[in-house]
Amino acid sequence: MSRSLKKGPYINVALEKKILAMNESGKKSVVKTWARASMISPDFVGHTVAVHNGNKFIPVYITENMVGHKLGEFAMTRRFGGHSGNNKK
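About the thresholds
- Residues numbered from 1 in each chain as written.
- Predicted model: local features only at pLDDT ≥ 70, side-chain atom pairs only at ≥ 80, totals over all residues.
- Heavy atoms only, no water.
- UniProt positions renumbered as here; feature names shortened; annotations may be inferred.
- Helix = DSSP H or I, 4+ residues; strand = E, 2+ residues; numbered from the N terminus.
- Rg over C-alpha atoms; globule rule 2.2 N^0.38 Å.
- Buried < 20%, exposed > 50% of the residue type's maximum accessible area, 1.4 Å probe, protein only.
- Contact = heavy atoms within 4.5 Å.
- Areas by Shrake-Rupley, 256 points an atom, 1.4 Å probe, with all protein chains shown as cover.
- Lys, Arg positive; Asp, Glu negative; His and termini not counted.
- Charge placed at Lys NZ, Arg CZ, Asp CG, Glu CD.
- Core = buried A, V, L, I, M, F, W, Y, C linked by side-chain atoms within 4.5 Å.
- Pairing = 2+ DSSP bridges.

Under an unreviewed UniProt entry, the protein chain has the name Small ribosomal subunit protein uS19 and belongs to Hallella mizrahii. In its Sequence similarities (unreviewed entry) section, UniProt records this for the protein chain: "Belongs to the universal ribosomal protein uS19 family."

Q: I'm lost on the overall build of the protein chain in this one. Help?
A: Counting its secondary structure elements, the protein chain contains 1 helix and 3 strands. Its helices and strands in sequence order give the protein chain the pattern α-β-β-β, from N to C terminus. The C-alpha radius of gyration of the protein chain comes to 17 Å, more than 25% above the 12 Å expected for a compact globule of 89 residues. For the C-alpha atoms alone, the extent of the protein chain along its principal axes is close to 60 × 35 × 25 Å. Taking all 89 residues of the protein chain together, 29% fall into the buried category. For the protein chain, restricting intrachain contacts to residue pairs at least 6 apart in sequence, the fraction spanning at least 24 positions comes to 41%. Total accessible area on the protein chain stands at roughly 6900 Å², and carbon and sulfur atoms take up 53% of it. Computing the positive centroid from 15 side-chain charges and the negative centroid from 5, the protein chain places the two 16 Å apart.

Q: Hey, could you run me through the nonpolar core in this one?
A: Soluble globular proteins tend to pack their nonpolar side chains together in the buried interior. The biggest cluster of nonpolar side chains holds 14 residues, and the ones touching the most others in it are Leu 15, Phe 44, Ile 62 and Leu 71. For this core, the element with the most residues is helix α1 (residues 13-25), which contributes 3 residues. Among residues more than four places away in sequence, those in contact with Leu 71 are Leu 15, Thr 33, Ala 35, Arg 36, Ser 38, Ile 40, Val 49, Val 51 and Ile 62.

Q: Help me understand the pairing of strand β2 (residues 48-52), please; the structure alone is not making it clear to me.
A: Two faces, one strand: in a regular strand the side chains alternate between the faces of the sheet. Of all the 5 residues making up β2, 4 are buried; the element is thus mostly covered by neighbouring parts of the structure. As defined by bridge partners, strand β1 (residues 31-33) adjoins β2 across 3 bridges and the pair is classed as parallel. Pairing of Thr 33 across the sheet is with Val 51, part of β2. As defined by bridge partners, β2 adjoins strand β3 (residues 57-61) across 5 bridges and the pair is classed as antiparallel. The residue of β3 that forms the bridge with Val 51 is Ile 58. From the end of β2 to the start of β3, which pair antiparallel, there are 4 residues, and Gly 54 there has a positive phi angle of about 100 degrees.

Here it is as structure tokens:
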């Protein structure tokens, strides 16, 4: 179920502060975050955010197409190793 329109989008406050500070200073650096549920706002475009997937941080470069989605959508938590079995030709 989606979040109420009355509440507005959920954006992690600490993450938003870091991104806004980088926008003002003009610096670009990777920001680590555990906030997978945080929504991507237009201020994030052009920055790289390292999103934790439960094991390690996955760097995600934010583009305009990602605005409105959540950070967790771009850092997969499961890895498919393939099916084992006979590889007969």
